[in-house]
Each structure stands twice: as structure tokens, then as C-alpha cells.
Amino acid sequence: MRIIAWNVNGLRACVRKGFLGWLSESEASVVGVQELRARPDQLTEETLAPDGYTSDFFPAQRPGYSGVGLYFQDPPDELITTMGVEEYDVEGRMQLARWGKLWVANVYFPNGSGKNRDNSRIPYKLNFYQRLFDMLEEKRANGEPVLVMGDFNTAHRDIDLARPKQNKATSGFRPEEREELERWIANGWTDTFRHSYPDKSEIYSWWSNRKGVRERNVGWRIDYVLASQGALPFLKDAFILTDVMGSDHCPIGIELDPKIRG
């Protein structure tokens, strides 16, 4: 069972750059996309229902902003989009779907930098992290298989970005953001890529759009699939598809034993 997450940085733009062709060849059972920047009524029929997939989208209320979506070969048994907090729900940041026993959260975590790059949104970001943690805690503690995937907008350790020393004060690598991600890991969540490849360096999932940055691989690993203890025994592999273009992020994902669905 292959599950993939991709911040497409505008689904309509990504479709123009080959998203649907990539999807048809992805062999994924589930693909979660983040940063839709579109409402479903702005998408083509082919984008809404590509061959072999159906979809569900949760856009932000603000036009051209945020939003998440799921493509799936089999429809989920249950799908939740509300976090029970209006300031998060209006930004279209989370879908929680269940296939059998498996829960998958497709999430676009907030960026903390703020409009003026003054780190003013860090409190909002950290509160969002904590609200989602609390939503999933009972499932995790009960041993249910749960995955949290998407753009976390945080690099965990120095190995996860090309220039850690220069970015200590930058949102996405500030101590309080890293500490919150570490809190998840200390409380039973596993970074599936780092679990599979503990020392693999210079592999990232996001690059600035500035000229030459991606070519020089000056990137950040800020996209993850976290697994609960109940999901981890079914993990077969994790991957980052750095050669896939179409966004400033690349797809990331995992291979699972399909028995995880029960």
C-alpha cells in the first residue's frame, strides 16, 4: 500500500505542469495534497476525478489560499475535516480519513513567518500543532494505526536543512517549532523517513523558488509522514521523490503492508 503527500503549491498550476500524468503513474492508493489554492468548482472534471481515483477537497474560505485534498483508489469509510476550532477550519488545513482500522491525517501545517516575515504567526502555528496532537492522542494511545502526513513547515534537526546555522532564527527552524515537533516524537510518533534512513543527508522536500536554489540542492526537509506505534510495524519503506517537479515541494511517502487496514 503506497501513500503519498505533496504540497502542490497551487493544484491548478501543478496540473498544468504534469500532476495528472504523475498521479496516473504513482501507483499510490492514497495521495494527499496540500496548499490547493483553489475551490473544487475551479477545478476541471479531469482534476476532480482522474482515471482510477476519486477525490475530496477541503478548501480554505479565503480565495487562493491554503486548502487540502485527498485522491484515493478506494473511498474512505469515514472522513472528518473539522478540528473543532473555527480559526483552523476556515483555513482548510486538515482531513482525517479512515480505511478500515487505518487513520490518515492529511495536513497543511501553518507557516509561522507572518505577512511581514516577523514570525508573528508562530503562536497560531504551535497552537495548531497542539490541537491536532490532542485530536489524535486517544487513537494513538489506544494503539490504533494512525499516519499524519503533509507539509509540517518545520525542519526537525540540522540534518534536515542545507544551512542550519544561518536559519536558527527563521520560522521553520526556530527552537520553539522544533521543540513542538520533538514533543510529538517523544510522545510516540515516528518520523518514517528518518526511521528508515537515520543518517541520510542532503535530501530535502522543499526549495526556495529563487533561481538556482533547487539545482544546488539548498533545501529543507519539512514534509513528513509520522506514524503512531500502531502503524509502525506495517511500515516497509519511506521515500522522498526529489526528481518530481511541478511545485517548490516534492512528493514524499511510504510503503505499507496492506494488512494495516485490518
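Each remark here, short or long, concerns the structure printed above.
Residues numbered from 1 in each chain as written. Predicted model: local features only at pLDDT ≥ 70, side-chain atom pairs only at ≥ 80, totals over all residues. Heavy atoms only, no water.

## Things to note about the packing of aromatic side chains
Then comes step 1: Taken as a whole, this structure holds 20 aromatic pairs when the rule is applied.
Then comes step 2: A centroid spacing of 5.7 Å and a plane angle of 40 degrees characterise the contact between F19 and W22, whose relative ring orientation is tilted. Of this pair, F19 and W22 both sit in helix α2 (residues 19-25), 3 residues apart, which is roughly one turn of that helix. Exposure class is identical for F19 and W22. Each is buried.
Then comes step 3: What links up through ring pairs into an aromatic cluster is the set Y88, F109, Y124, F128, Y129, F133, F152, W184, W189 and Y224.
Then comes step 4: Taking NZ or CZ as reference, R98 lies 5.8 Å from the ring centre of W103, over its face.
Then comes step 5: Over the aromatic face of Y197 sits the side chain of K200, whose NZ or CZ is 6.0 Å from the ring centroid. (Phe/Tyr/Trp six-rings, centres within 6.5 Å; stacked < 30°, edge-to-face > 60°. Helix = DSSP H or I, 4+ residues; strand = E, 2+ residues; numbered from the N terminus. Buried < 20%, exposed > 50% of the residue type's maximum accessible area, 1.4 Å probe, protein only. Lys NZ or Arg CZ within 6 Å of the ring centre and 35° of its normal.)

## Description of the pattern of salt bridges
Then comes step 1: By the definition in use, this model includes 17 salt bridges.
Then comes step 2: For the salt bridge of E78 with R98, the shortest nitrogen-to-oxygen distance reads 3.1 Å. Pair noted here: E78 is in strand β5 (residues 78-80) and R98 is in strand β6 (residues 94-99), with a separation of 20 residues, a long-range link.
Then comes step 3: Taking relative accessible area as the criterion, E78 reaches 32% and is therefore assigned partly exposed.
Then comes step 4: A salt bridge links E180 to R183; the shortest N-O distance between them is 2.8 Å. On the criterion of helical spacing, the pair formed by E180 and R183 is a turn pair, its members being 3 residues apart in helix α6 (residues 175-186).
Then comes step 5: Judged by relative accessible area, E180 falls into the buried class, the value being 6%.
Then comes step 6: The exposure class assigned to R183 is partly exposed, which follows from its relative accessible area of 28%.
Then comes step 7: Several salt bridges share partner residues, and in doing so they unite D160, D191, R194 and R221 into one network. (Salt bridge = Lys/Arg side-chain N within 4 Å of Asp/Glu carboxyl O.)

## Some thoughts on helix α5 (residues 122-141)
Since the α-helix packs 3.6 residues into each turn, any two residues three or four apart lie on the same face.
Then comes step 1: Between the first and last C-alpha of α5 there are 27 Å, a value that for 20 residues agrees with the 28 Å anticipated at 1.5 Å per step.
Then comes step 2: Of all the bends in α5, the largest measures some 35 degrees and sits at M135.
Then comes step 3: Listing the buried residues of α5 in full gives I122, Y124, K125, L126, F128, Y129, L132, F133, M135, L136, K139 and R140.
Then comes step 4: Buried-residue contacts for α5 involve α4 (86-89), β6, β7 (102-108), β8 (146-151) and α6.
Then comes step 5: Count one or two residues on from α5 and you reach G143, which has phi positive near 85 degrees. (Expected span 1.5 Å × (residues − 1). Bend = angle between axes of the 7 residues up to and from the residue. Contact = heavy atoms within 4.5 Å.)

## Looking at the sheet that holds strand β2 (residues 30-34)
The strands making up a sheet are joined through hydrogen bonds of the backbone, oriented either antiparallel or parallel.
Then comes step 1: Judged by pairing direction, the sheet is mixed, and its 6 strands sit side by side in the order β3-β4-β2-β1-β14-β13 without closing on themselves. Strand pairing shows two members of the sheet lacking a second neighbour, β3 (54-58) and β13 (235-240), which therefore form its edges. This sheet shows a mean twist of 15 degrees between the axes of neighbouring strands, independent of strand direction.
Then comes step 2: Relative to strand β4 (residues 68-72), β3 is paired through 5 bridges, and the arrangement is antiparallel. Its bridge partner lying in β4, F58 is registered against V68. (Pairing = 2+ DSSP bridges. Axes fitted to C-alpha atoms, helices over the stretch in contact; angles between N-to-C directions.)

## Digging into the layout of surface pockets
Then comes step 1: Here the largest pocket is characterised by a volume of approximately 1,300 Å³.
Then comes step 2: Along the wall of the largest pocket there are 42 residues; nearest its centre are N111, S113, R117, N153 and W206.
Then comes step 3: Reported here for the second largest pocket is a volume of approximately 230 Å³.
Then comes step 4: Surrounding the second largest pocket, 17 residues form its lining, N209, R214, M245, S247 and D248 being those nearest its centre.
Then comes step 5: Residues belonging to the lining of the second largest pocket are distributed by class as follows: 6 nonpolar, 6 polar and 5 charged. (1 Å grid on protein atoms, 1.4 Å probe; cavity = no way out; pocket = protein on both sides within 12 Å on 5 of 7 lines; lining within 4 Å. Points joined across faces, edges and corners; volume = space filled by probe spheres on them. Nonpolar A, V, L, I, M, F, W, Y, C, P; charged D, E, K, R; others polar.)

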